[in-house]
Amino acid sequence: MNIKEELDIAEDLRLSGDYTAAKVKYEAILVEDNEQLPEYAHSLRGLAEIYRMLENETESKAFYSKAIHKYQELNHSIGLGYTYLGIGQLNRHQNNTAEAKENIQESIKCFNESSDSYGLADAHIELGHILINEFNLSSARNEFQTAEQLYIKLDDIWGTACAKLGLGKTELKNKQYEDAKAHLYAAQDLFIINKDKLG
């Protein structure tokens, strides 16, 4: 089995919630012979994601930091974008708003450089949530609308629903209840369509 296949298995295990088995796979990739391969950096980020899900912020931040350095060394802007996005999400959940905003803005820059529309859309959603918490509702609305347009172009129903949900939350905070209702019902309909589409 090659390193790419090993990484795919680790990712599948992580996404299915089998963190113990995923950690074993990721750690097996983190050997000196692999240090100059993107899979090495991906494994560092995978471990950071696991620790974030397990709410071990210290370990998560340590692995995110290592992943950032490795992606910078490899000049891998997509991986760097997803790493900044992950650490931004962690910082947002810890109410480290200034750091979270900085991280997300870095991720947006990376995704723009690499033309990764999915990552870019996800980052705009995350920035929208940060801006809602700051009561910067006009900017939050712009972020969610940008994400919505990207998801529509990607034909991503789930992402479009998440953007609509963000727009609904923004309008609720803005006390624009009719607009909020329209966005929230649209999000609900899209989530149902997505569920039906997936079976």
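Residues numbered from 1 in each chain as written. Predicted model: local features only at pLDDT ≥ 70, side-chain atom pairs only at ≥ 80, totals over all residues. Heavy atoms only, no water.

We describe a pair of aromatic rings using the distance from one ring centre to the other and the angle between the two ring planes. Here the structure, examined in full by the defined rule, presents 3 aromatic pairs. Where Tyr-51 meets Phe-63, the ring centres are 5.7 Å apart and the plane angle is 10 degrees; that geometry is what we call stacked. Separated by 12 residues along the polypeptide, Tyr-51 in helix α3 (residues 38-53) and Phe-63 in helix α4 (residues 57-74) bring together distant segments of the chain. Taking the centre distance of 4.8 Å and the plane angle of 70 degrees together, the rings of Tyr-82 and Phe-111 count as edge-to-face. Of this pair, Tyr-82 sits in helix α5 (residues 77-93) while Phe-111 sits in helix α6 (residues 97-114); the two residues are 29 residues apart in sequence, bridging distant segments of the chain. Assessed through its relative accessible area of 24%, Tyr-82 is described here as partly exposed. Judged by its relative accessible area of 1%, Phe-111 falls in the buried class. (Phe/Tyr/Trp six-rings, centres within 6.5 Å; stacked < 30°, edge-to-face > 60°. Helix = DSSP H or I, 4+ residues; strand = E, 2+ residues; numbered from the N terminus. Buried < 20%, exposed > 50% of the residue type's maximum accessible area, 1.4 Å probe, protein only.)

Let us look at the confidence of the model for the protein chain. In the predicted model, the protein chain carries a mean pLDDT of 94, and 98% of its residues have values of at least 70. Across the protein chain, element-level confidence peaks in helix α8 (residues 137-153) with a mean pLDDT of 98 and bottoms out in helix α10 (residues 177-198) with 89. (pLDDT = per-residue confidence, 0-100.)

What follows concerns the nonpolar core. For soluble globular proteins, nonpolar side chains are generally found buried alongside one another. Ranked by internal contacts, the top residues of the largest apolar core, which has 23 residues, are Tyr-26, Phe-63, Leu-80 and Tyr-84. Put simply, the parts of the chain that give this core at least two residues each are α1 (3-15), α2 (19-29), α3, α4 and α5. Here this core gets 7 residues from one element, more than from any other, and that element is α3. Here Leu-80 is in contact with Ile-68, Tyr-71, Gln-72 and Cys-110, once residues within four sequence places are set aside. Grouped together as the second largest cluster of nonpolar side chains are 20 residues, Leu-120, Leu-127, Leu-131 and Leu-167 included. (Core = buried A, V, L, I, M, F, W, Y, C linked by side-chain atoms within 4.5 Å. Contact = heavy atoms within 4.5 Å.)

This part is about α4. The terminal C-alpha atoms of α4 lie 25 Å apart, and with 18 residues this matches the ideal 26 Å at 1.5 Å per residue to within 8%. For α4, the complete set of buried residues consists of Ser-60, Phe-63, Tyr-64, Ala-67, Ile-68, Lys-70 and Tyr-71. Where α4 ends, the next residue or the one after it, Asn-75, has phi of about 55 degrees, a positive value. (Expected span 1.5 Å × (residues − 1).)

To characterise two packed helices, one gives the angle between the axes of the helices and the distance between these axes. For the pair α1 and α3, interaxial distance at closest approach is 11 Å and the crossing angle is 10 degrees. Comparing their axes, α3 and α1 come out roughly parallel. Between α1 and α3, the contacting residues are Ile-3, Lys-4, Leu-7, Glu-11 and Arg-14 on the first element and Glu-39, His-42, Ser-43, Gly-46, Glu-49 and Ile-50 on the second. Class assignment for the residues of the contact of α1 with α3 results in 3 nonpolar, 3 polar and 5 charged. (Axes fitted to C-alpha atoms, helices over the stretch in contact; angles between N-to-C directions. Parallel < 35°, antiparallel > 145°, perpendicular 65-115°, else oblique. Nonpolar A, V, L, I, M, F, W, Y, C, P; charged D, E, K, R; others polar.)

Of note in this structure, Ser-115 is not a glycine but carries a positive phi near 55 degrees. Position of Ser-115 relative to the elements: it lies in the loop between α6 and α7 (117-133). The class for Ser-115 is exposed, based on a relative accessible area of 62%.

Moving on, we get to the layout of surface pockets. What the largest pocket holds in volume is close to 710 Å³. In terms of lining, the largest pocket is formed by 24 residues, of which the most central are Glu-49, Arg-52, Leu-85, Gln-89 and Asp-122. Counting residues per element, the ones that place at least two in the lining of the largest pocket are α1, α3, α5, α7 and α9 (157-173). Grouping the constituent residues of the lining of the largest pocket by class yields 10 nonpolar, 6 polar and 8 charged. (1 Å grid on protein atoms, 1.4 Å probe; cavity = no way out; pocket = protein on both sides within 12 Å on 5 of 7 lines; lining within 4 Å. Points joined across faces, edges and corners; volume = space filled by probe spheres on them.)

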